[in-house]
Amino acid sequence: MAVRRVCILASASGSGKTTLGRVLADRLGVPFHELDALNHDPGWTEATSAELRARLEPLVAGPAWVIDGAYRGKIGDLVLARADTVVWLDLPRRVWLPRLLRRTARRLVMREELWNGNRETLRGVLWDDNALIPFAWRSFSDRRRRYPTVLAPYPVVRLRTSREVQRFLTTVDSR
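Residues numbered from 1 in each chain as written. Predicted model: local features only at pLDDT ≥ 70, side-chain atom pairs only at ≥ 80, totals over all residues. Heavy atoms only, no water.

**Brief notes about the pairing of strand S5 (residues 65–68)**
Where we set the bar: Burial classification: accessible surface area is computed with a 1.4 Å probe over protein chains only, and a residue below 20% of its type maximum counts as buried, one above 50% as exposed, and the rest as partly exposed. Helix and strand assignments follow DSSP, with helices taken as H or I runs no shorter than four residues and strands as E runs no shorter than two, numbered in order from the N terminus. The pairing criterion is simple: DSSP has to find at least two bridges between the two strands.
Side chains Trp65 and Ile67 of S5 all project onto a buried face; the interleaved residues Val66 and Asp68 project onto the opposite face, where all are buried too. When strand S1 (residues 5–10) meets S5, the two strands line up parallel, connected through four bridges. When the bridges of S5 are listed, arginine 5 appears paired with tryptophan 65. Judged from the three bridges that link them, strand S2 (residues 32–34) and S5 form a sheet pairing that is parallel. Bridge pairing links glutamate 34 to aspartate 68 in S5.

**A look at a nonpolar patch on the surface**
Here is the rule we go by: Patches were defined on residues exceeding 30% relative accessible area and lacking a salt bridge, with like-charge contacts within 9 Å and nonpolar side-chain contacts (Val, Leu, Ile, Met, Phe, Trp, Tyr) within 5 Å. The Shrake-Rupley method, run with a 1.4 Å probe, gives the accessible areas here. Residue values count only the displayed protein chains as cover. Think of a salt bridge as a Lys or Arg side-chain nitrogen and an Asp or Glu carboxyl oxygen that are within 4 Å of each other.
On the surface, a cluster of nonpolar side chains totalling about 320 Å² of accessible area is made up of Leu122, Leu126 and Trp127. Tracing the backbone through its elements, the reader meets leucine 122 in helix H7 (residues 122–126).

**Things to note about the sheet that holds S5**
How we decide: Axis definition: a line fitted to C-alpha atoms, limited for helices to the stretch in contact. Angles are taken between N-to-C directions and run from 0 to 180 degrees.
What the five strands build is an open sheet, ordered S2-S5-S1-S6-S7; its pairing is parallel. Pairing within the sheet leaves two strands with one partner each, and these edge strands are S2 and strand S7 (156–159). Here the strands of the sheet are splayed against their neighbours by 20° on average, with no regard to which way each runs. Direction of pairing for S1 relative to strand S6 (residues 85–89): parallel, over a ladder of five bridges. Following the sheet pairing, isoleucine 8 is matched in S6 by valine 87.

**Quick look at helix H6 (residues 93–110)**
How we decide: The span one expects for a helix is its residue count, reduced by one, times 1.5 Å. The directions from the helix axis to the C-beta atoms form the arc being described.
The first and last C-alpha atoms of H6 sit 25 Å apart over 18 residues, in line with the 26 Å expected at 1.5 Å per residue. By the burial criterion, the buried members of H6 are Trp96, Leu100, Thr104 and Arg107. Burial along H6 is one-sided: seen end-on, the buried residues are contained in an arc of 65°. Away from the buried face of H6 by more than 90 degrees, exposed residues Arg94, Arg102, Val109 and Met110 are located.

**Regarding the nonpolar core**
Rule in force here: The nonpolar core is taken to be a set of buried Ala, Val, Leu, Ile, Met, Phe, Trp, Tyr and Cys residues, with the residues joined through side-chain atoms within 4.5 Å. Contacts between residues were defined by any pair of non-hydrogen atoms, one from each residue, lying within 4.5 Å.
In terms of nonpolar packing, the biggest core is built from 22 residues, with Cys7, Leu9, Leu56, Val79, Leu80, Val86 and Leu151 touching the most fellow members. If you list the elements that add at least two residues to this core, you get S1, helix H2 (35–39), helix H3 (49–60), S5, helix H5 (78–82), S6 and helix H8 (132–150). What leucine 151 contacts, discounting residues up to four positions off in sequence, is Leu9, Leu80, Val86, Trp88 and Val156. Membership of the second largest hydrophobic core comes to 19 residues, among which are Ala10, Leu20, Val165 and Val172.

**Quick look at the side chain of glutamate 120**
We apply this condition: Polar contact is defined as a pair of N or O atoms within 3.5 Å, subject to the rule that within protein one atom must be able to donate a hydrogen and the other to accept it, and that residues adjacent in sequence are counted only when both atoms are side-chain atoms.
Along the chain, the position of glutamate 120 falls in the loop between H6 and H7. Among the residues examined, glutamate 120 registers a relative accessible area of 11% and is labelled buried. For glutamate 120, the side chain forms a polar contact with the side chain of arginine 107, separated by 3.3 Å.

Without other data, these values stay purely geometric and don't point to any function.
Given below as structure tokens:
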């Protein structure tokens, strides 16, 4: 499968979109961009829609890339419209929830920096208004319901198991 501009989405955090994005970008020999890193400035300050669009437009204008995320609520279909392939990671809760919990625990204990000096906090992953773990739990069913319609205009590869993810990687043309 020849792909050059890939947008990776997931039904929930912890599904592996960043990991898949990095592997895929490496395999294709193209740049990888994580939208969370472009959106979250120091102090967890979010970029405005205009700022995020300005950061992203030159990247999606390139001939080849892998982008983790779409931020449709903030920038519309900017990424989706320029992608030749949209990979939708739609793994079951029993797969992504343990991954998310392990990753989050590691980041908290190790005080791991995510982007631009930002680190997760216990409050931020459990109790804030958009706390990571409750948000992932709530958004999962909503995305599974909405994505078939939202993504219908785009060339989507829906991956529902870890085995399907591995199989997909074997079908992608490398450099």
